[in-house]
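# An overview of the molecular structure
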Amino acid sequence: MELLTLLLPILDSTVRSATPLLLACLAGLYSERAGIFDIGLEGKMLASAFMSAAIAYTTGNVWVGLLAGIGASLALSAVHGLASITYRGNQLISGVAINFFAAGMAVVAAQSWFGQGGQTPRLTDESRFSPITLPFAETLQDTPIIGPIYYELISGHTLLVYVAMLAVPLTWFVLYRTRFGLRLRAVGENPSAVDTAGVSVIGLRFAAVAICGVLCGIAGAQLATAEPAAGFVKDMTAGRGFIALAALIFAKWRPWYALFACLLFGFLQAIALRPDQIELVLGFKVQLQLLDALPYILTVVILAGFVGKAIPPRAGGEPYVKER
Amino acid sequence: MNRLPRWIDLIIIPAISLLLAMLFSGLAIWSIGEDPFNAFKIMIDGSLRSTYGWGYTLYYATNFIFTGLAVSIAFHARLFNIGGEGQAVLGGLGVALICLYIPWPHWTLALVGASICGALFGAAWAAIPAFLQAKRGSHIVITTIMFNFIAAALLNFLLIGLLKPAKVMEPATAKFPEATNLPNLHEVLGLFGIPFSKATPANISLFVAIAACIVIWVLIWHTRLGYAIRSFGQSESAAKYAGISSTKIIMITMLISGALAGMMAINNVMGEAERLVLNAAEGAGFIGIAVALMGRSHPFGVFLAALLFGFLYQGGAELAFSTSIPREMVVVIQSLVILFTGALDGMVRAPIERLYLAMQKQKTVAE
């Protein structure tokens, strides 16, 4: 019981930290499964975080903000698609450019619109997502064990958290149980086979990049407009796009594994926020910098193939040339 | 032959890409209600019209020459080293350790020692991703990105712990001893009677960077190893057939690449800050990517592109100083240069290729 009261807040913030990671990770999953590497997840999240907060503040409506965030992220996706699908450019370089563009432009625009040193004004309650209390959460609160878990851990998150969680089975269904998903996976493995079957490689890849844009947009809105967040601050994604990329590799490009990878990395972020709690539970001090570096170290270990081999989609990173 | 002549590939296409990037940068400046032409004038005045401006421009350019060369040599072997940032950070650690813990009698010896140590640390940081790529097939882009973050965490750990002198709040090492301070450009040029501003961080490392350009040029085009690196980059299977070991080439190329990025620290850590601070590399590792793309991976091109980015950096600082355009505008301009010269190269190239071919055809018809 004692342990539960200690653990629950950490697990609760694990779910919250894992949400943007999970959305970005699934975004990358669609894109990379279709053969388009995307290291611009970070930039798209950041662009959406800024736009969603800025528009939510000016209109006072969080939904318009969410749409604007998704729009900003989609626009960057379109650039990525143009560069890497239409003009067969280098997908990695395009991603690097998008990350820089978002990092610079968000601050420039924020300074120009609000003049508060590159951030948006604080959002009030109408212009951000508030926690939802699930049915019976309060009545069940006093039930031993299940009550607090339901009340603290499962209930009381913002809508976007539940959207992210639902996106996992949905992604699984789309990828493995629909025709579109089959084609999407095929286009990342062997695009010429898809082309021979008379399906547009370019169309499929643009669709995948667009889905990636929408999911990154939601991830950014979650960062900036879902409580306890209250607006955009400079560089607020803080490498989450790269952690999501790491989680994607850790998950070997599979949706359910992605959930667990993001929960694990979210847990690492959550305990990094409360070093005192770890000391209480584990009984020794953990280096914060080690916690920061751990997702990256784990990913390198996975990539090195010492613990199971992560094999990327075979046509990943290569532009498709029809007439070979 | 459907190939473009070299002058179009090396001059016209980068020039048009650059123009496009400038056009969009102008639009970005205009969109926040500032005058792009005035902004451009301020940038030129602040970075090129005084030796003070030149001092900063050359200081930044020195950083970018090192990181640009690092990315370039990896490009020649068709490896994308995105980890220049982490390697430069580790290079800084190497330089700091050797400056702090070895009592150097004179700056010349210290410069040699620091260059070697910075290069070794940078190379070591590149060695693990290189090994994983060569032996385990792990994608070097992803591993080098991860190593950037691991480097940042490591430095964070060292600077608030072991390396921080007692009773100091700021996460930084102690000042390096006087004997390791490098002469700045004012003193160097003064020997030849050329007047130069005293107040700038540009220092003798600039000449080390220029020497590095020449060494890399010789290495790539005039040695057996350079030939092996280029043939590996052109076709891995052909190189293998010619008896070139891919493991060896990947390892050597990445070690040189990491060493160059690490050597950047003699400029920013030893030459300017004279101590190691957090985030000392300030993104120069990433600008190396833009510099290498812009310079077409040729050392001379890298030198010119580094000057261009040095100008952008110093000009951007002036912009932030005298207008309401934030410093981050430089990051936007930099991203547009990367986008147009790197990712959208095909968009610029295709119409020029078509135009050129049409003109050739007309010529043959006329004859």
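Residues numbered from 1 in each chain as written. Chains lettered and ligands numbered in written order. Predicted model: local features only at pLDDT ≥ 70, side-chain atom pairs only at ≥ 80, totals over all residues. Heavy atoms only, no water.

Moving on: the overall build of chain B. A count of helical and extended segments in chain B gives 16 helices and zero strands. By the compact-globule yardstick of 21 Å for 367 residues, chain B fits well, its C-alpha radius of gyration being 22 Å. Each principal axis of the C-alpha atoms in chain B carries an extent, and together these give about 80 × 55 × 40 Å. Residue burial in chain B is summarised as follows: out of 367 residues, 56% are buried. Counted over contacts in chain B with a minimum sequence separation of 6, partners at least 24 positions apart contribute 77%. Of the roughly 16200 Å² of accessible surface on chain B, 67% is carried by carbon and sulfur atoms. Chain B carries 22 positive and 17 negative side-chain charges, and their two centres are separated by 12 Å. (Helix = DSSP H or I, 4+ residues; strand = E, 2+ residues; numbered from the N terminus. Rg over C-alpha atoms; globule rule 2.2 N^0.38 Å. Buried < 20%, exposed > 50% of the residue type's maximum accessible area, 1.4 Å probe, protein only. Contact = heavy atoms within 4.5 Å. Areas by Shrake-Rupley, 256 points an atom, 1.4 Å probe, with all protein chains shown as cover. Lys, Arg positive; Asp, Glu negative; His and termini not counted. Charge placed at Lys NZ, Arg CZ, Asp CG, Glu CD.)

Moving on, we get to empty space enclosed by the protein. Rolled over the atoms, a probe sized like a water molecule indicates the empty space that remains. Taken as a whole and assessed by the stated rule, the structure comprises two cavities of 30 Å³ or more. Looking at the largest cavity, the residues that line it are Y59, Y60, N63, F64, N268, A280, A281, E282, A284 and Y313 of chain B. Top element by residues in the lining of the largest cavity is helix α3 (residues 51–76) of chain B. It accounts for four residues. Estimates place the volume of the second largest cavity at around 30 Å³. Around the second largest cavity, the lining residues are E32, F37, I39 and L92 of chain A together with H139, V141 and I142 of chain B. Here the residues of the lining of the second largest cavity sort into five nonpolar, one polar and one charged. (1 Å grid on protein atoms, 1.4 Å probe; cavity = no way out; pocket = protein on both sides within 12 Å on 5 of 7 lines; lining within 4 Å. Points joined across faces, edges and corners; volume = space filled by probe spheres on them. Nonpolar A, V, L, I, M, F, W, Y, C, P; charged D, E, K, R; others polar.)

Moving on: the interface of chain B and chain A. Facing 40 residues of chain B, the contacting portion of chain A comprises 39 residues. Regarding the contact of chain B and chain A, the summed buried area is about 3400 Å², with carbon and sulfur atoms giving 83% of it. Among the residues of chain B in contact with chain A, R136, M146 and F149 of chain B are the three that bury the most area, contributing 17% of the side total. One salt bridge connects K234 of chain A with E328 of chain B, and the closest N-O pair in it is separated by 2.8 Å. Our count for the contact surface shared by chain B and chain A stands at two residue pairs in polar contact (both at pLDDT 80 or more). In terms of residues, the side of chain B that touches chain A owes the most to one element, helix α6 (residues 140–159) of chain B, which gives 11 residues. Class assignment of the residues belonging to the side of chain B that touches chain A gives a composition of 29 nonpolar, nine polar and two charged. (Buried area = accessible area lost by both parts, 1.4 Å probe. Salt bridge = Lys/Arg side-chain N within 4 Å of Asp/Glu carboxyl O. Polar contact = N/O pair within 3.5 Å; in protein donor to acceptor, adjacent residues only side chain to side chain.)

Two cysteines joined by a covalent bond between their sulfur atoms form a disulfide. Residues and elements named next belong to chain B. Applying the stated criterion across every chain yields a total of zero disulfides over all chains. Here C99 is not disulfide-linked; the sulfur of C117 is the nearest cysteine sulfur, at 8.7 Å. For C99, a relative accessible area of 0% gives the class buried. (Disulfide = S-S within 2.5 Å.)

Before going further, it helps to examine the domain arrangement of chain B. Residues and elements named next belong to chain B. Considered domain by domain, chain B is made up of domain 1 (1–34 + 326–367) and domain 2 (57–323). Each of domain 1 and domain 2 has a C-alpha centre, and the two are 28 Å apart. The junction of domain 1 with domain 2 conceals about 1400 Å² of combined surface from both sides, 72% of it contributed by carbon and sulfur atoms. Sorting the residues of domain 1 by area buried against domain 2 places R327, V330 and Q334 first, and these three jointly supply 38% of that buried surface. Between domain 1 and domain 2 we count one salt bridge in total. With its nearest N and O atoms 3.5 Å apart, the salt bridge here joins R296 to D345. (Domains from an automatic or database assignment.)

What follows is about the packing of helix α1 (residues 6–31) of chain B against helix α16 (residues 345–366) of chain B. Residue and element names in this part refer to chain B. Where α1 contacts α16, the axes come no closer than 10 Å and their chain directions differ by 125°. Relative to α16, the element α1 is oriented oblique. When you trace α1 past α16, the crossing you get is right-handed. Mapping the contact onto sequence places I8, D9, I12, I13, I16, S17 and L20 in α1 and D345, M347, V348, R349, I352 and Y356 in α16. Here the residues of the contact of α1 with α16 sort into nine nonpolar, one polar and three charged. (Axes fitted to C-alpha atoms, helices over the stretch in contact; angles between N-to-C directions. Parallel < 35°, antiparallel > 145°, perpendicular 65-115°, else oblique. Left-handed = near helix turned anticlockwise from the far one by under 90°.)

All names here are of chain B. Along the chain, N267 falls in helix α12 (residues 265–273). A polar atom in the side chain of N267 sits 3.2 Å from the side chain of N203. Setting aside residues up to four positions removed in sequence, N267 forms contacts with Y59, T62, N63, N203, S205 and E272.

Among the structural elements, T173 of chain B can be located in the loop between α6 and α7 (185–190). Apart from the residues lying within four places of it in its own chain, the contact partners of T173 of chain B are L100, L159, L163, P165, R275 and L276 of chain B.

Below, the discussion takes up the packing of aromatic side chains. Taken as a whole and assessed by the stated rule, the structure comprises 18 aromatic pairs over all chains. A ring pair is formed by W125 of chain B and F147 of chain B, whose centres lie 5.1 Å apart and whose planes are at 70°; its orientation type is edge-to-face. Placement of W125 of chain B in helix α5 (residues 107–136) and of F147 of chain B in helix α6 is noted, with a sequence separation of 22 residues between them. Side by side, W125 of chain B and F147 of chain B carry an identical accessibility label, which is buried. Taken together, the aromatic side chains of Y52, Y56, Y59, Y60, F64 and Y313 of chain B make up a single cluster linked through ring pairs. One residue, R254 of chain A, lies across the ring of Y257 of chain A, its end atom 5.6 Å from the ring centre. (Phe/Tyr/Trp six-rings, centres within 6.5 Å; stacked < 30°, edge-to-face > 60°. Lys NZ or Arg CZ within 6 Å of the ring centre and 35° of its normal.)

So, about the nonpolar core. Residue and element names in this part refer to chain B. F64, M270 and M329 are the most contacted members of the largest nonpolar core, which totals 214 residues. Formed jointly, this core draws a minimum of three residues from each of two domains, domain 1 (1–34 + 326–367) and domain 2 (57–323). The next biggest cluster of nonpolar side chains, apart from the first, holds six residues, and it includes I8, I13, V348 and I352. (Core = buried A, V, L, I, M, F, W, Y, C linked by side-chain atoms within 4.5 Å.)

A few words on helix α13 (residues 288–303) of chain A. Residue and element names in this part refer to chain A. Its 16 residues give α13 an end-to-end C-alpha distance of 24 Å, which sits within 8% of 22 Å, the value for a rise of 1.5 Å per residue. When the local axis directions of α13 are compared, the greatest deviation, roughly 45°, occurs at L294, which is followed within four positions by the proline P295. All of the buried residues in α13 are Q289, L291, A293, P295, Y296, T299, V300, I302 and L303. G305 lies just past α13 and shows a positive phi near 80°. (Expected span 1.5 Å × (residues − 1). Bend = angle between axes of the 7 residues up to and from the residue.)

Glancing now at unusual backbone geometry. Positive phi, normally seen in glycine, also occurs at W253 of chain A, with a value near 60°. Take W253 of chain A: it is sitting in the loop between α10 (240–250) and α11 (255–273). Residue classification places W253 of chain A among the buried positions, given a relative accessible area of 4%. A positive phi angle, close to 50°, is found at R78 of chain B, a residue other than glycine. With respect to the helices and strands, the residue R78 of chain B is situated in the loop between α3 and α4 (84–101). R78 of chain B gets classed as exposed once you look at its relative accessible area, which sits at 61%.

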